[in-house]
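# A closer look at the structure
Residues per chain, in single letters:
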Amino acid sequence: MNRFSLTVISFAAVTALHAQQGRQFTAKDYAHAESFMNYNIDPLIDHASLRPEWLEGDKFWYRTLTPGGSEFILVDPAKKSRTATFDQQKLAAGLSAASGKQYEAAMLPFQGFVYSDDGKAIVFSVDGKQWKCDLQSYLVVADGSPAKRPETGITQGRRGRGGNAIASPDGTKEAFLKEDNLWVRDVKTRIETQLTTDGIKDFGYATDNAGWKHSSNPILIWSPDSKKISTFKQDQRNLSDMYLVTTNVGKPTLKAWKYPLPGDKEIATIQRVIIDVDNPKVTALQIPPDPHRATLSDDISSSGTFDDNCWSPDGSKLAFVSTSRDHKNEKLRIADATTGTVREVFEETVPTQYESGWGSINWRYLPGSNEIIWFSERDNWGHLYLYDASTGKLKNQITKGDWVVTRLLKVDEKNRMLYFIADGREPENPYFSQLCKIGFDGKHFAVLTPEAGNHTVTLSPSEKYFIDSYSQPDVPSVTVLRDMNGKLITQLEKTDVSRLVATGWHPVKPFSVKAHDGKTAIYGLMYTPTNLDPNKKYPVIDYIYPGPQGGSVGSWSFAATRGDNQALAELGFIVVEIEGTSNPLRSKSFHDMSYGNMSENTLPDQITGIKQLANTYPYVDTTRVGIWGHSGGGFATATAMFRYPDFFKVGISESGNHDNRNYEDDWGERYDGLAANSNYDAHANQNYAKNLKGKLMLAHGLMDDNVPPENTLLVVEALERANKDYDLVVFPNSPHGYGQYSPYMTRRRWDYFVKNLLGAEPPKEYELKWKPDPRNVR
């Protein structure tokens, strides 16, 4: 290229840049961007995701959205049929006649119903009134029976009527908390019986109030015969408190609760107990109290019930796992439910941190064959192993290969087969999931969902069938019904985005680049304006969530919109999400890359990834890069602005855990190690605030009981001490998420990037207005 041509091109690029920088954005520009928010996009998508409502015999019905409204579909796997659940025209006519109001068939004003006991009628609610429709005559009458709700097939562990009670497997009883003690209620008679009597404040039974998570829900698991409960007595008596203060007219209210921090001498512990329900008796397991820890996450009920507990079918034995404070040691134990004696079966110790899977706990106790299915990453990949429960000896490795088992869905003890979700077997993207099966002996492996893409699977109640929805970030979903051999029974739905495409929408662009080590492949998504001019330069906004329990992208299934990423792109940006190293669903070594140094925050991967994108797409401008994130993403954003100030020019840090010494104990101690063994001070953002060069906005809810606001205030103080300019948005009475103020924060985010990264002027106080999908209006 000669010098004259280069000069002309450079002049044109500079002219275009100055034209954009001098721009005054209007409310119309923001309205265009807002048209790409989910509440405006979703109404233009038809036949998308479905939620099955299971009936007897694995039949189910679901509601699918259409251009005109909705349809109710009934599926019978045994008959391989997919038909209309009822005649919507006749039902609309019957309801119109009974209510005196006019209803359209495609816009029936209810989203769910239940069948009558004889299956010959349906019951539903409209305008606060319950109606019953005979499915032969389509006569609709007001129904005065007790209020009904659609059943979901959930049994063990489902919430009771009050929302904070746990129903027994046989449905006759509900366990609930009252003043730090556990009670049980007879569902039929409503008679209440106290099961424990010595629970007191900070030393109660089944309590869900340790650290960042606290509710009135009990944490427990019923025995299969509904006669016993496995739970614990939680000791928080010597723990340090966390404090928050409300903002209101008059004196504020002080909120205080137990919230241990990394390095504290005392953390919450649980004394495991088994409770006889019919004749109330508490039997403590004969082991010292365990740390308030579990194998799946930084909570002990993230699976939806009491984590790491597995009853024998007759309720005589309970297998459980004790996790060390630093998550490095796991002990598999079996307790006698009558005496409380505990037998040590085996243990596993790892150098960093152990986890039992992603999305579900992947170990099982099989008392029928006296075996344990165990999950381990000992060969650098997450796989299943078979142990002898009597001797604790390894019998064989079940799954093998450079891929990971993420969720164990079904154990067929009779045929000795396992059904599980696996990641890393599809060449297009290692995060795509497939349903697979394999024998206990490691033989007869088969993929049951062969189509390319990310598969989301729902098993039927009998586990004889499954619903499979598969898609890619840029390819809409297809939902089918299969049997447990993977044989296709029928297609259920195929997502239709034709109405959306007609508006000018285009899908996200998946990509792969190399990590900061120059050899490891990492993956991400890129959002470009619908009116992209490839001859222009566009500033970059990097949306970041660094993990280390999950990265920026989240789901790798199709989504027509993700947060406000496309909306920001429409304002003139290239938006990227890069799934950095040190996150799960890959190898153990990949996940452990920054163990002990969470403040790395995947930022070297973000920087090199954006530079590589610029080499492929010349319209990516690496001289104007912004970054934002929430929670861990807020932590990462401030780190980016302080440690890489010459690359990141504008940052918005929301609710960041800037110093993990000020965040709950289980998070830092799991991923950085115990405070005695890790330099937490070297990871704290306030210590690097003096390096700020660009524009930084900080935001926090002052009633944040997850990441206390002192995390952000430490950074504020450090910035002021260093005489640095910054911007601050506070939400006086908001928790970790901003609730009703989320649209305000979104608009402030748009304004900040438009003004400081584009150099343009935003419209004055544009108001984002959420609106419901008209097809869902009752």
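Small disclaimer: the values here were computed from a predicted structure and weren't measured. (Residues numbered from 1 in each chain as written. Predicted model: local features only at pLDDT ≥ 70, side-chain atom pairs only at ≥ 80, totals over all residues. Heavy atoms only, no water.)

## Thoughts on the confidence of the model for the protein
Overall, the prediction assigns the protein a mean pLDDT of 94, with 95% of residues at 70 or greater. Within the protein, helix H1 (residues 3-21) has the poorest average pLDDT of any element, 46, and strand E42 (residues 648-654) the best, 99. Low pLDDT, under 50, characterises residues 1-16; the stretch is placed with two contacts to residues that sit more than four places away or in other chains. Scored below 50 in pLDDT, residues 150-158 makes 21 contacts in the model with residues more than four places away or belonging to other chains. (pLDDT = per-residue confidence, 0-100. Helix = DSSP H or I, 4+ residues; strand = E, 2+ residues; numbered from the N terminus. Contact = heavy atoms within 4.5 Å.)

## Quick look at helix H2 (residues 27-34)
For H2, the full list of buried residues reads Asp 29, Tyr 30, Ala 33 and Glu 34. Seen from one end, H2 has its buried residues packed into an arc of 140 degrees, which puts them on one side. Where H2 is buried, its residues contact helix H3 (38-41), helix H6 (565-570) and helix H13 (742-756). (Buried < 20%, exposed > 50% of the residue type's maximum accessible area, 1.4 Å probe, protein only. Arc of directions from axis to C-beta.)

## What about the sheet that holds strand E24 (residues 342-349)?
If you walk across this open sheet you meet the four strands as E21-E22-E23-E24, and the pairing is antiparallel. Each end of this open sheet is capped by a strand with a single partner; those strands are strand E21 (309-311) and E24. Sheet twist, expressed as the average angle between the axes of neighbouring strands with direction ignored, equals 15 degrees. In this structure, strand E22 (residues 317-323) lies alongside strand E23 (residues 329-336), joined through seven bridges in antiparallel fashion. (Pairing = 2+ DSSP bridges. Axes fitted to C-alpha atoms, helices over the stretch in contact; angles between N-to-C directions.)

## Observations regarding the environment of Asp 564
Along the polypeptide, Asp 564 turns up in the loop between strand E39 (538-543) and H6. Residues in contact with Asp 564, not counting those within four places in the same chain, are Met 37, Trp 628, Thr 746, Arg 749 and Trp 750. Only 3.1 Å separates the side chain of Asp 564 from the side chain of Arg 749, close enough to count as a polar contact. (Polar contact = N/O pair within 3.5 Å; in protein donor to acceptor, adjacent residues only side chain to side chain.)

## Remarks on the nonpolar core
Residues Leu 571, Phe 573, Phe 642, Phe 648, Trp 750 and Phe 753 are the most contacted members of the largest nonpolar core, which totals 88 residues. Counting residues per element, this core draws most heavily on strand E38 (residues 521-527), at six residues. Beyond its immediate chain neighbours, meaning those up to four positions away, Phe 642 contacts Asn 685, Tyr 688, Ala 689, Asn 691, Leu 692, Leu 696, Val 715 and Leu 719. Among the nonpolar cores identified, the runner-up in size contains 35 residues, and Leu 332, Phe 346, Tyr 354 and Ile 361 belong to it. (Core = buried A, V, L, I, M, F, W, Y, C linked by side-chain atoms within 4.5 Å.)

## Details of the packing of aromatic side chains
A full pass over the atoms with the stated rule returns 36 aromatic pairs. A ring pair is formed by Phe 113 and Tyr 115, whose centres lie 5.5 Å apart and whose planes are at 80 degrees; its orientation type is edge-to-face. Summarising the aromatic geometry, the rings of Phe 420 and Phe 445 are spaced 6.5 Å apart at their centres and angled 40 degrees between planes, so their arrangement reads as tilted. Residue Phe 420 is located in strand E30 (residues 417-423), and its partner Phe 445 is located in the loop between strand E31 (433-439) and strand E32 (446-447); the two are separated by 25 residues in the primary sequence. (Phe/Tyr/Trp six-rings, centres within 6.5 Å; stacked < 30°, edge-to-face > 60°.)

## Section: unusual backbone geometry
Looking along the chain, the bond that leaves Gly 547 and enters Pro 548 is cis, with omega of 10 degrees. Along the chain, the position of Pro 548 falls in the loop between E39 and H6. One non-glycine residue with positive phi stands out, namely Asp 127, at about 55 degrees. We classify Asp 127 as exposed; its relative accessible area is 54%. The phi torsion at Ser 582 lies on the positive side, around 70 degrees, for a residue other than glycine. Along the chain, Ser 582 falls in the loop between strand E40 (574-579) and helix H7 (588-591).

## Focus on the pattern of salt bridges
Within the structure shown, the criterion is met by 42 salt bridges. Here Lys 178 ties to Glu 192 by a salt bridge, and the two come within 3.1 Å at their closest N and O atoms. With a gap of 14 residues between them, Lys 178 in strand E10 (residues 173-178) and Glu 192 in strand E12 (residues 192-194) connect regions that are remote in the sequence. When its relative accessible area of 35% is taken as the criterion, Glu 192 is described as partly exposed. Note that Asp 235 is salt-bridged to Arg 237, the shortest N-O span being 2.9 Å. Through salt bridges with shared partners, one network takes in Arg 293, Arg 325, Asp 665, Asp 666 and Glu 669. (Salt bridge = Lys/Arg side-chain N within 4 Å of Asp/Glu carboxyl O.)

## Notes on the environment of Thr 561
Inspection of the secondary structure assignment puts Thr 561 in the loop between E39 and H6. Between the C-alpha atoms of Thr 561 and Asn 38, which are 523 residues apart in sequence, the distance is 5.9 Å. Once residues within four sequence positions are removed from consideration, Thr 561 is found in contact with Phe 36, Met 37, Asn 38 and Ile 41. One polar contact links the side chain of Thr 561 to the main-chain carbonyl oxygen of Phe 36, over a distance of 3.0 Å.

## Focus: the sheet that holds strand E33 (residues 454-459)
Hydrogen bonds along the backbone pair up the strands of a sheet, which may run parallel or antiparallel. Across the sheet, four strands lie side by side as E33-E34-E35-E36; this open sheet has antiparallel pairing. Each edge of the open sheet is held by one strand with a lone partner, namely E33 and strand E36 (488-494). Across the sheet, the mean angle from the axis of one strand to that of its neighbour is 20 degrees, orientation sign disregarded. As defined by bridge partners, strand E35 (residues 475-483) adjoins E36 across five bridges and the pair is classed as antiparallel. In the strand pairing of E36, Leu 481 is matched with Thr 490.

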